Amino acid sequence: MASLQEMAINLISNTPRFKNNPTALNYLAIIKDGRSEEGARIAENLCKTYGVSKEDAVSQAKAFFNFK
Amino acid sequence: MYPNCNLGSGYGTFTPYPFPTVPTAFQPQQQLPTYTKPGLAGRVVNKLDDILPNEVPMDGTSSLFPLQDESAIFVKSWNADGTIRTVKYLREVTDIPKKKPSDPIEELKNYIDERFNKLEASYKEVMISG
């Protein structure tokens, strides 16, 4: 079974509209390089910008990807 | 030859129509063009707080949000760190009526009028005081 990291890399890499998207490519590079602290900070900022808690964001992501 | 197909009782048989064969050797794979939304992203808003984060595209482009009263335009785009950058452009009024160049004759006339008015006022004062 693919790890979360591999899954995210595959998802971003194989989505055509992300190919010329600098934001997505930046996130892809962070995931590929395993820069977890930077990734966590971006995720926290995204939560803050969207006005959702970290817990809500995680549960929404789990629901989206059908995780239990 | 195409085999006859039996459709079950009551329907008889039919011979499938031979579809014309299309040479595929020189057919390049057609790539569908990527759809891009025409025009500028954004909308007219009453205040800054009306703008939601999902109205700002995450593809590196900016969205423009002019205020209803046309006093400013907010331009929003995502930063690489997951925050949104907001730039406010303020209106500059450029249609201020320019002051007409002064006419020297008109200026002289005004000066003389002013002097006469002062003289008249002084004369009246002298006459009243006796």
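It should be emphasised that the depicted structure is a prediction, and the values quoted were computed from it without experimental measurement.

(A) Expanded view of the overall build of chain A. Along the backbone of chain A there are 4 helices and 0 strands. Along the chain direction, N to C, the helices and strands of chain A fall in the order α-α-α-α. In chain A, which comprises 68 residues, the share counted as buried stands at 21%. Contacts in chain A between residues at least 24 apart in sequence constitute 22% of all its contacts with a sequence separation of at least 6. Total accessible area computed for chain A in this model is approximately 5200 Å², and 57% of it derives from carbon and sulfur atoms.

(B) Region of the structure containing the interface of chain A and chain B. Contacts between the two partners involve 11 residues from chain A and, on the opposite side, 12 residues from chain B. Carbon and sulfur atoms make up 59% of the surface buried where chain A meets chain B, a total of about 940 Å² over both sides. Of all residues in chain A, Thr23, Thr49 and Tyr50 of chain A give up the largest surface area on contact with chain B, accounting jointly for 47% of the area buried on that side. Counting across the chain A and chain B interface gives 4 residue pairs in polar contact (both at pLDDT 80 or more). Examining the composition of the side of chain A that touches chain B, we find that 6 residues originate from one element, helix 3 (residues 36–50) of chain A, more than from any other.

(C) Structural context of helix 3 of chain A. Its 15 residues place the ends of helix 3 of chain A 21 Å apart at the C-alpha level, agreeing with the 21 Å of an ideal helix rising 1.5 Å per residue. Elements that come into contact with the buried residues of helix 3 of chain A comprise helix 2 (22–33) and helix 4 (54–64) of chain A together with strand 5 (72–78) of chain B. Taken from the residues just after helix 3 of chain A, Gly51 of chain A is the one with a positive phi, measuring 75°.

(D) How the structure looks around the pairing of strand 4 (residues 63–66) of chain B. Residue and element names in this part refer to chain B. Along strand 4, the buried face is formed by Ser63 and Phe65; none of Leu64 and Pro66, which line the opposite face, is buried. By the bridge criterion, 2 bridges tie strand 3 (residues 41–42) to strand 4 in an arrangement that is parallel. In the strand pairing of strand 4, Gly42 is matched with Leu64. Counting the residues in the hairpin turn of strand 4 and strand 5 gives 5 residues, including Glu70, whose phi is positive at 60°.

(E) Summary view of the confidence of the model for chain B. Residue and element names in this part refer to chain B. Taken as a whole, chain B shows an average pLDDT of 77; of its residues, 69% reach a score of 70 or greater. With pLDDT under 50 throughout, residues 1–28 is counted as low confidence; its partners more than four residues away or in other chains account for 17 contacts. Among the prediction metrics, the complex's ipTM stands at 0.77, with pTM recorded as 0.57.

(F) Representation of the sheet that holds strand 6 (residues 84–90) of chain B. Residues and elements named next belong to chain B. Taken in spatial order, the 4 strands make up an open sheet running 3-4-5-6, and their pairing is mixed. Only two strands of the sheet have a single neighbouring strand rather than two, namely strand 3 and strand 6. Bridge count between strand 5 and strand 6: 7 bridges; the pairing is antiparallel. Directly across from Trp78, in strand 6, lies its bridge partner Ile84.

Conventions used here
Residues numbered from 1 in each chain as written. Chains lettered and ligands numbered in written order. Predicted model: local features only at pLDDT ≥ 70, side-chain atom pairs only at ≥ 80, totals over all residues. Heavy atoms only, no water. Helix = DSSP H or I, 4+ residues; strand = E, 2+ residues; numbered from the N terminus. Buried < 20%, exposed > 50% of the residue type's maximum accessible area, 1.4 Å probe, protein only. Contact = heavy atoms within 4.5 Å. Areas by Shrake-Rupley, 256 points an atom, 1.4 Å probe, with all protein chains shown as cover. Buried area = accessible area lost by both parts, 1.4 Å probe. Polar contact = N/O pair within 3.5 Å; in protein donor to acceptor, adjacent residues only side chain to side chain. Expected span 1.5 Å × (residues − 1). Pairing = 2+ DSSP bridges. pLDDT = per-residue confidence, 0-100.

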